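Listed below are the residues making up each chain.
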Amino acid sequence: MAKPFPILGFDVGGTKVAVSLVLSDGTLVSSIRVPNKEREPDDVLPAMVSAGKSLLADAGLNREDLKAVGVCTPSPLDFKKGIVMAPSNLKKWKHVPIRDYLADAFGSRAFFDNDSNASGLAEWFFGSGVGAEDMLYISISTGIGAGVISNGRLMRGVTCDGGEVGHMILDVNGPLCNCGLRGCWEAFSGGRAVAQRLQRELADFPNSAIVRIAGSVENIDMKTLSDAVGENDPYACAVWDEVMERHAQAIGMLHNIFNPGIIALGTIAIQCGDLFMKPLLERVRKYAWKQPLSACSIVPGKLGSKLGEYAGASVALYALHELGEWDLPWTKSN
Ligand SMILES: [Zn+2]
């Protein structure tokens, strides 16, 4: 068996950057989180580099030992040029050439992708999708996005915007979405949209269960809603039913398009467990063909809180796989 090689991974999120040292056999050697909330990229980027260097030093590795660097950020981004454009939850990051910055800092090849693709690759290599040829990873968080593995390859599309499933329109007369379209899946069921809807509808109901749990109208989020559903609050349950129906509709549509063997769901599906999975699995049958659905496992992602630690490194591993320098973990020994 070839000796596993080290990769540094960076997963840039709205509140923190997960920096991790991962071996090509899937061993997570170590990781650090660098704060990113309300910080300028000019401050965060050097902190990311020094975190990466300290992980290498602690493991007794030099920069020459490093095979590659992988980094992921929220969309929109310029995949080909390696630039973060202006993601809505990275307000201070505008046109940042992050890939080449990291390549220069580490004197190494660096590879870049969006966080949904990166998470999909991580779940494919090391989580719920091990061995699969066709799988979807769907992140349902503030926004909704997917990493689509089809025929054993990551699907990118012509402009590398493939997988933006949160902006499939479920009802053209539905609520306005951040993206400018109307009735997107994300506008019905994304965390930000649901929180905004609840804040609007409950502004004059300070005694409602949801406001009581949140402490104030401004603090309402998906977690507050799911907690109120856990208390059987009728209003919360009615909203939850609507949100779940839209999830089932969208996931049923995706299922019929891609015919995957696995649909792995991130974030809220992991946080809420059965409260989320049970109504989804019941309702999705209305929207998907029975026979292919019976061949598909719809499950919460396996990597859980470790997903961010694997996401950035998985971007680099996939790029090396495409270059013929790394075999998928289940095909040959690496
Ligand atoms: Zn949209």
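A. Representation of the coordination of the zinc ion. Around the zinc ion, the protein contributes the donor atoms His 167 (ND1), Cys 177 (SG), Cys 179 (SG) and Cys 184 (SG), which lie 2.0 to 2.3 Å from the metal centre. Between consecutive donor residues of the zinc ion, the sequence gaps follow H-x9-C-x1-C-x4-C. By relative accessible area, Cys 179 is classed as partly exposed at 40%.

B. Representation of the sheet that holds strand β1 (residues 6–12). Read from one edge to the other, the open sheet built from five strands follows the order β3-β2-β1-β4-β7, with strand pairing classed as mixed. Two strands close off the open sheet at either side, each with one partner strand: β3 (28–35) and β7 (110–114). Between one strand axis and the next, the sheet turns through 15° on average, direction left out of account. Here strand β2 (residues 16–23) pairs with β3 via seven bridges, running antiparallel. When the bridges of β3 are listed, Ser 20 appears paired with Ser 31. Across the sheet, helix α1 (residues 41–58) touches β1, β2 and β3, and the angle it forms with β3 is around 155°. Together, β1, β4 (68–73) and β7 form the strand contacts of helix α3 (residues 115–126), whose direction differs from that of β7 by roughly 105°.

C. Broad picture of the sheet that holds strand β9 (residues 144–150). The strand order across the open sheet formed by five strands is β10-β9-β8-β11-β12, and the pairing between neighbours is mixed. At either margin of the open sheet sits one strand with a lone partner, and together these are β10 (153–154) and β12 (297–300). Where helix α8 (residues 234–258) meets the sheet, its contacts fall on β8 (135–140), β9, β11 (262–267) and β12, and the angle it forms with β8 comes to roughly 160°. Each of β8, β11 and β12 touches helix α10 (residues 274–283); the most contacted strand, β12, lies at about 165° to it.

D. Broad picture of the domain arrangement of the protein. If you check the domain split of the protein, you get domain 1 (6–121 + 305–322) and domain 2 (131–302). Just the C-alpha atoms count here: the centres of domain 1 and domain 2 sit 27 Å apart. In this complex, domain 1 contributes 14 residues to the contact, which on the side of domain 2 involves 13 residues. Across the domain 1 to domain 2 interface the summed buried area is about 1200 Å²; carbon plus sulfur atoms make up 47%. Three residues, Ser 116, Asn 117 and Tyr 318, lead the burial of domain 1 against domain 2; their summed loss comes to 35% of the area buried on that side. In this assembly, domain 1 and domain 2 are joined by two salt bridges. Of the charged contacts in the structure, one is a salt bridge between Arg 153 and Glu 322, with a shortest N-O distance of 3.0 Å. Linking domain 1 with domain 2 are four residue pairs in polar contact (both at pLDDT 80 or more), by the criterion used here.

Calculation rules
Residues numbered from 1 in each chain as written. Predicted model: local features only at pLDDT ≥ 70, side-chain atom pairs only at ≥ 80, totals over all residues. Heavy atoms only, no water. Donors = N, O, S within 2.8 Å, 3.2 Å for Na, K, Ca; no water. Buried < 20%, exposed > 50% of the residue type's maximum accessible area, 1.4 Å probe, protein only. Pairing = 2+ DSSP bridges. Helix = DSSP H or I, 4+ residues; strand = E, 2+ residues; numbered from the N terminus. Axes fitted to C-alpha atoms, helices over the stretch in contact; angles between N-to-C directions. Contact = heavy atoms within 4.5 Å. Domains from an automatic or database assignment. Buried area = accessible area lost by both parts, 1.4 Å probe. Salt bridge = Lys/Arg side-chain N within 4 Å of Asp/Glu carboxyl O. Polar contact = N/O pair within 3.5 Å; in protein donor to acceptor, adjacent residues only side chain to side chain.

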